[in-house]
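Understanding the architecture of this molecule
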Amino acid sequence: MANAKRVTATQVVKKKQKAEKIVMITAYDYPTACLVDEAGVDMVLVGDSLGMVVLGYETTLPVTLEEMIHHTKAVVRGVKRALVAVDLPFLTYQTGPADALRSAGRLMKEAGATAVKLEGGANVCPQVRALVGAGIPVIGHLGLTPQSIHVFGGYKLQGRGEEAAQKLLADARALEEAGAFCLVLECIPEELAARVTGSISIPTIGIGAGARCDGQVLVLHDMLGITGKVRPRFVKQYARLEETIRDAVGQYAQEVRQGKFPAPEHSYASEESASSPIPFLKKR
Ligand code: KIV
């Protein structure tokens, strides 16, 4: 059977039961999808953060379904083991269950997604029910939901105060009841994330929600240090690729200008046979 070793939604839920932490990370293209999968993450999210970290939009709002399909296809080609979840972009599902089904259906049929993620609580439960009813695994997303950035008035901590906490807890229970298999909690106090995690049976995946969630997700470009100057406090940079890339390209430019690149080992001799394959250098 194809994909027999792929991580499934059921396995993700079981990880919570076994108290095993769940690891999710974003990817938006083939090479990084291959790398994060080889590194052994459980879930790869083609997030609509795509719009901000790859396409250069100011918010996630302009991201289209076509863009998500395009990038998801590349990610799916690179991932052999992890579950590939994909964000439903702004206004491709808020308009009702039929639109949600059409949009998620395209992500599954055309792009090869295994699950979809949508933002919102009780307000999107009819959509969640329709998707799950059609056999589409759904991840919920509560707290700082970037598609509502203009309602929040900026990227601010959510769920502060008991009233907001109660609303978020009720939304989490509603999403579980509607059939979501997993829940992203973004930018909420650690204590509230712990309360949500303890009050539902589906796993919570935190981002800026402290250590007491069932798993964690980070935006790949944030943790690799390639997202520009601003870095939210909850992001740990595991690498500083911005510097590495700038230095490497600067060195290349310098060597070309100085006539140092290409060197003899990067050039072909005229006696090399035209019919044989192009010789490659050995992998380092
Ligand atoms: O779009 C995204 O990358 C996300 C994660 C931050 C959870 O929704």
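Throughout what follows, the structure given in this document is the object of discussion. From a predicted model like this one, the values you see are computed outputs, not experimental measurements.

Examining the side chain of His-71
Structurally, His-71 is set in helix H4 (residues 65-78). Leave out the neighbours within four places in its chain, and His-71 touches Tyr-28, Val-46, Leu-50, Val-54 and Leu-55.

Some details on the pattern of salt bridges
Evaluation of the coordinates by the stated rule reveals 14 salt bridges. Among the ionic pairs, Arg-102 bridges to Asp-99, the shortest N-O distance being 2.7 Å. In this pair, Arg-102 and Asp-99 both sit in helix H5 (residues 97-109), three residues apart, roughly one turn of the helix. In this structure Asp-99 comes out as partly exposed when scored by relative accessible area, which is 27%.

As for unusual backbone geometry
Residue Pro-262 is bonded to the preceding Phe-261 through a cis peptide linkage, with omega at 0°. One can find Pro-262 in the segment after helix H11 (241-257). Even without glycine at this site, Ala-19 takes up a positive phi of about 55°. Counting through the fold element by element, Ala-19 comes out in the loop between helix H1 (9-17) and strand E1 (22-26). Take Ala-19: its relative accessible area is 69%, and that puts it in the exposed class. The phi angle at Leu-91 is positive, at roughly 65°, despite the residue not being glycine.

Section: the layout of surface pockets
A volume near 700 Å³ is recorded for the largest pocket. Looking at the largest pocket, it is lined by 29 residues, and the ones nearest its centre are Met-52, Tyr-155, Glu-186, Val-219 and Asp-222. Looking at the lining of the largest pocket, the elements with two or more residues in it are helix H3 (50-53), strand E6 (182-186) and strand E8 (215-218).

Overview of the packing of helix H8 (residues 162-178) against helix H9 (residues 190-199)
Contact geometry of H8 with H9 gives a least axis separation of 10 Å together with a crossing angle of 30°. Here H8 lies roughly parallel to H9, going by the angle between them. Like other packed secondary-structure pairs, H8 and H9 cross with a definite hand, here right-handed. When H8 is examined against H9, the residues Glu-162, Ala-165, Gln-166, Leu-168, Leu-169, Ala-172, Arg-173 and Glu-176 are found in contact with a partner set consisting of Leu-192, Arg-195, Val-196 and Ser-199.

Regarding the site of the ligand
By nearness alone, every residue bordering the ligand is listed as Thr-26, Leu-45, Gly-47, Asp-48, Ser-49, Asp-87, Lys-117, His-141, Val-184, Ile-207, Val-217 and Val-219. Taking Ser-49, its side chain carries an N or O atom lying 2.5 Å from an oxygen atom of the ligand. Within the contact set of the ligand, an oxygen atom lies 3.0 Å away from a side-chain nitrogen or oxygen of Asp-87. The fraction of the free accessible surface of the ligand (260 Å²) that becomes covered by protein chains is 96%. The pocket occupied by the ligand, as judged from atoms lying within 2 Å of grid points, is the largest pocket. Partitioned by chemical class, the residues of the shell around the ligand number five nonpolar, four polar and three charged.

About the criteria used
- Residues numbered from 1 in each chain as written.
- Predicted model: local features only at pLDDT ≥ 70, side-chain atom pairs only at ≥ 80, totals over all residues.
- Heavy atoms only, no water.
- Helix = DSSP H or I, 4+ residues; strand = E, 2+ residues; numbered from the N terminus.
- Contact = heavy atoms within 4.5 Å.
- Salt bridge = Lys/Arg side-chain N within 4 Å of Asp/Glu carboxyl O.
- Buried < 20%, exposed > 50% of the residue type's maximum accessible area, 1.4 Å probe, protein only.
- 1 Å grid on protein atoms, 1.4 Å probe; cavity = no way out; pocket = protein on both sides within 12 Å on 5 of 7 lines; lining within 4 Å.
- Points joined across faces, edges and corners; volume = space filled by probe spheres on them.
- Axes fitted to C-alpha atoms, helices over the stretch in contact; angles between N-to-C directions.
- Parallel < 35°, antiparallel > 145°, perpendicular 65-115°, else oblique.
- Left-handed = near helix turned anticlockwise from the far one by under 90°.
- Near = heavy atom within 4 Å.
- Polar contact = N/O pair within 3.5 Å; in protein donor to acceptor, adjacent residues only side chain to side chain.
- Areas by Shrake-Rupley, 256 points an atom, 1.4 Å probe, with all protein chains shown as cover.
- Sits in = over half its atoms within 2 Å of the grid points.
- Nonpolar A, V, L, I, M, F, W, Y, C, P; charged D, E, K, R; others polar.

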